[in-house]
Amino acid sequence: MAVFTVVTDTDLAQWMRHYDLGEIVDFRGIPSGIENSNFFVTTTHGAYVLTIFEKLTAEQLPFYLDLMRHLASHGVPAPDPVPRNDGALFGLLHGKPTAFVTKLAGSAELAPGVEHCAEVGQMLARMHLAGRDFEHRQPNLRSLGWWQQTVPVVLPFVGDAQRELLEAELAHQTAFFASSDYAAMPEGPCHCDLFRDNVLFAPAAPDTGHSVRLGGFFDFYFAGCDKWLFDLAVTVNDWCVDLTTGRLDPARTEAMLRAYQTVRPFTPEELRHWRDMLRAGAYRFWVSRLYDFYLPRTAALLQPHDPTHFERILRERLSGTDTLSALSSCN
Ligand SMILES: Nc1ncnc2c1ncn2[C@@H]1O[C@H](COP(=O)(O)OP(=O)(O)OP(=O)(O)O)[C@@H](O)[C@H]1O
Ligand SMILES: N[C@@H](CCO)C(=O)O
């Protein structure tokens with residue numbers, strides 16, 4: 001179980017005094033996830049998720065919690081942080097920032113079809129537009145600066161072929177980030193980690209004509225201001241990939257991109273640099289997975305993600321052209 005901080009019944013009982021959430025009915029650690037300690041807490045008032053933030057600081061947290069509130073109030077289904085009795089959206093438990101958010105209904109779809117990809121693409125574009133008037137500006141903390149710091153830390157652990165690719169891609173991305181086309185791309189609050197396991201689907205209501213219904217986006221704790229296209233590239237790299245080869249599945253990719261574009265059309269700069277952005281999205285997670293794999297933290301049970309998956313995806317995006325035509329064909 002990825003529970004880094006153990007919470008006893010006594011800890012929880014004391015913690016609950018800060019909230020008006022009724023009596024505890026059930027309390028259990030959540031085994032998935034690799035960043036934070038998460039618990040499902042059911043009370044006589046409803047179902048919640050208690051998250052103890054293992055890395056994020058009290059200074060960083062308002063961005064995420066306020067963003068979730070902002071999005072939820074703008075029609076984007078996201079967990080809503082529950083205020084404490086003193087009005088604060090988080091407190092300290094075992095010295096770490098800790099928050100209660102509402103539990104979303106539904107379950108993750110780990111083998112998505114075109115309908116799931118279309119739902120996610122459209123909601124992602126709506127989320128980007130909804131974030132335009134969000135007042136906080138905090139950068140994506142896992143962007144170029146973090147890659148530049150982290151790559152030298154993981155290089156001693158990897159083979160020659162990986163070293164060469166890590167260094168070459170970092171140079172390419174550094175130049176891309178410095179370009180005028182990059183500067184011209186639209187940006188704003190992004191999820192930055194909208195993988196299949198961070199989206200829930202609920203059963204579609206009968207007679208709606210839809211086969212699937214989006215339950216919500218969650219795990220906003222890697223969110224930050226970034227290029228909207230980066231957010232989409234991260235999402236496509238996970239939702240539309242053939243898990244064996246790392247190639248993009250044309251039907252799912254087109255479904256997601258078309259749906260995104262019905263809400264927010266791409267700019268010329270974005271069309272020109274789609275593949276660079278897919279590479280950036282793959283690189284970000286290759287580096288973080290290498291870091292977590294070779295420099296793991298202790299947890300009661302930790303399931304590290306496979307770094308070679310994103311190495312394969314990056315190599316595939318470097319060689320592929322199909323992804324560019326998929327995007328252009330949507331115009
Ligand atoms: N608001 C929520 N509503 C419903 N389920 C949730 C919610 N938040 C978390 N969960 C459940 O908890 C699990 C773990 O949460 P999460 O994925 O956020 O872990 P993490 O360690 O914080 O992040 P990461 O995915 O980056 O490792 C999810 O897979 C999901 O089942
Ligand atoms: N989505 C990330 C985990 C951290 O959120 C990954 O698959 O590497």
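What counts and how
Residues numbered from 1 in each chain as written. Chains lettered and ligands numbered in written order. Predicted model: local features only at pLDDT ≥ 70, side-chain atom pairs only at ≥ 80, totals over all residues. Heavy atoms only, no water. UniProt positions renumbered as here; feature names shortened; annotations may be inferred. Helix = DSSP H or I, 4+ residues; strand = E, 2+ residues; numbered from the N terminus. Rg over C-alpha atoms; globule rule 2.2 N^0.38 Å. Contact = heavy atoms within 4.5 Å. Areas by Shrake-Rupley, 256 points an atom, 1.4 Å probe, with all protein chains shown as cover. Lys, Arg positive; Asp, Glu negative; His and termini not counted. Charge placed at Lys NZ, Arg CZ, Asp CG, Glu CD. Salt bridge = Lys/Arg side-chain N within 4 Å of Asp/Glu carboxyl O. Buried < 20%, exposed > 50% of the residue type's maximum accessible area, 1.4 Å probe, protein only. Phe/Tyr/Trp six-rings, centres within 6.5 Å; stacked < 30°, edge-to-face > 60°. Lys NZ or Arg CZ within 6 Å of the ring centre and 35° of its normal. Pairing = 2+ DSSP bridges. Axes fitted to C-alpha atoms, helices over the stretch in contact; angles between N-to-C directions. Near = heavy atom within 4 Å. Polar contact = N/O pair within 3.5 Å; in protein donor to acceptor, adjacent residues only side chain to side chain. Nonpolar A, V, L, I, M, F, W, Y, C, P; charged D, E, K, R; others polar. Expected span 1.5 Å × (residues − 1).

Per an unreviewed UniProt entry, the protein goes by the name Homoserine kinase and belongs to Trinickia fusca. Recorded under Sequence similarities (unreviewed entry), the UniProt text for the protein is reproduced unchanged: "Belongs to the pseudomonas-type ThrB family." Regarding the protein, the UniProt comment filed under Pathway (unreviewed entry) reads as follows: "Amino-acid biosynthesis; L-threonine biosynthesis; L-threonine from L-aspartate: step 4/5."

J.: Hey, could you go over the overall build of the protein for me, with residue numbers and the actual values?
T.: Along the backbone of the protein there are 12 helices and nine strands. The C-alpha atoms of the protein give a radius of gyration of 20 Å, which matches the 20 Å a tight globule of 331 residues would have. If you take every contact in the protein between residues at least 6 apart in sequence, the share linking residues at least 24 apart comes to 75%. About 14100 Å² of surface is accessible on the protein, with carbon and sulfur atoms providing 54% of the total. In the protein, the 28 positive side-chain charges and the 40 negative ones have mean positions that sit 2 Å from each other.

J.: Just give me the short version of the pattern of salt bridges, but keep the residues and values in it.
T.: Under the counting rule described, the total for this entry stands at 14 salt bridges. Where K96 meets E54, a salt bridge forms, and the shortest distance between an N and an O atom there is 2.8 Å. Residue K96 is found in strand β5 (residues 96-102), and its partner E54 is found in the loop between β3 (47-52) and α2 (61-73); the two are separated by 42 residues along the sequence. The shortest N-O distance in the salt bridge between E254 and R258 comes to 2.8 Å. One end of the pair, E254, and the other, R258, are both in helix α8 (residues 250-263), four residues apart, so they sit about a helical turn from each other. By relative accessible area, which is 28% here, E254 ends up partly exposed.

J.: Explain the environment of D20 to me, and be specific about the residues and the numbers.
T.: With respect to the element layout, D20 can be found in the loop between α1 (9-16) and β1 (24-29). Sequence separation between D20 and V82 is 62 residues; the distance between their C-alpha atoms is 9.7 Å. In contact with D20, other than residues within four places in its own chain, are H45 and N85.

J.: Residues and numbers for the side chain of H116, please.
T.: Tracing the chain through its elements places H116 in helix α3 (residues 114-130). Once residues lying within four places of it in the same chain are set aside, the contact partners of H116 are E109, F201, V212 and W239.

J.: Outline unusual backbone geometry, listing residues and values.
T.: Unusually for a residue other than glycine, H94 sits at a positive phi of about 50 degrees. In this model, D219 sits at a positive phi of 55 degrees, which is unusual for a non-glycine residue.

J.: Outline the packing of aromatic side chains, supporting the account with residue identities and numerical values.
T.: The description of an aromatic ring pair rests on the distance of the ring centres and on the angle between the ring planes. Enumeration over the complete set of coordinates arrives at 21 aromatic pairs. Ring geometry for F157 and Y294: centres 5.0 Å apart, planes at 10 degrees, overall stacked. Note that F157 is positioned in the loop between α4 (144-154) and α5 (160-177) and Y294 in helix α10 (residues 274-294), a separation of 137 residues in sequence. Residue Y294 is classed as partly exposed on the basis of its relative accessible area of 31%. Seen in terms of ring centroids, F201 and W239 are 6.1 Å apart; in terms of plane orientation they differ by 70 degrees. Their pairing is edge-to-face. Here W239 lies in helix α7 (residues 228-239) and F201 lies in strand β7 (residues 199-202), a separation of 38 residues in the sequence. A relative accessible area of 0% means that W239 is categorised as buried. Members of the aromatic cluster, connected to one another through ring pairs, are F53, F63, Y64, F134 and Y221. The ring of F222 is capped by R284, whose NZ or CZ atom sits 4.9 Å from the centre of that ring. Over the aromatic face of F285 sits the side chain of R284, whose NZ or CZ is 3.8 Å from the ring centroid.

J.: Which residues make up the sheet that holds strand β2 (residues 37-43), and what values go with them?
T.: As summarised here, the arrangement of the five strands in space is β1-β2-β3-β5-β4, forming an open sheet in which the pairing is antiparallel. Every other strand in the sheet has two partners, leaving β1 and β4 (91-93) as the edge strands with one partner each. Averaged over all pairs of adjacent strands, the angle between their axes in this sheet comes to 30 degrees, without regard to strand direction.

J.: Give me the lowdown on the site of ligand 2, citing residues and values where you can.
T.: Looking at ligand 2, the residues that line it are D193, F195, F222, F285, R289 and H305. Side-chain polar atom of D193 to an oxygen atom of ligand 2: 2.5 Å apart, as the coordinates give it. R289 places a polar side-chain atom, nitrogen or oxygen, 2.7 Å from an oxygen atom of ligand 2. Protein burial of ligand 2: of its 260 Å² of free accessible surface, 92% is covered by the chains. Taken together, the residues of the shell around ligand 2 sort by class into three nonpolar, one polar and two charged.

J.: Outline α7, listing residues and values.
T.: Between the first and last C-alpha of α7 there are 17 Å, a value that for 12 residues agrees with the 16 Å anticipated at 1.5 Å per step. Buried within α7 are the following residues: W228, L229, F230, D231, L232, A233, V234, T235, V236, N237, D238 and W239.

J.: A description of the pairing of β2 should follow, citing residues and the corresponding values.
T.: Burial analysis of β2 places five of its seven residues in the buried class, the great majority of the element. The pairing of β2 with β3 spans six bridges and is antiparallel. When the sheet's bridge partners are listed, F40 is paired in β3 with V49. The antiparallel hairpin formed by β2 and β3 contains three residues in its connecting segment.

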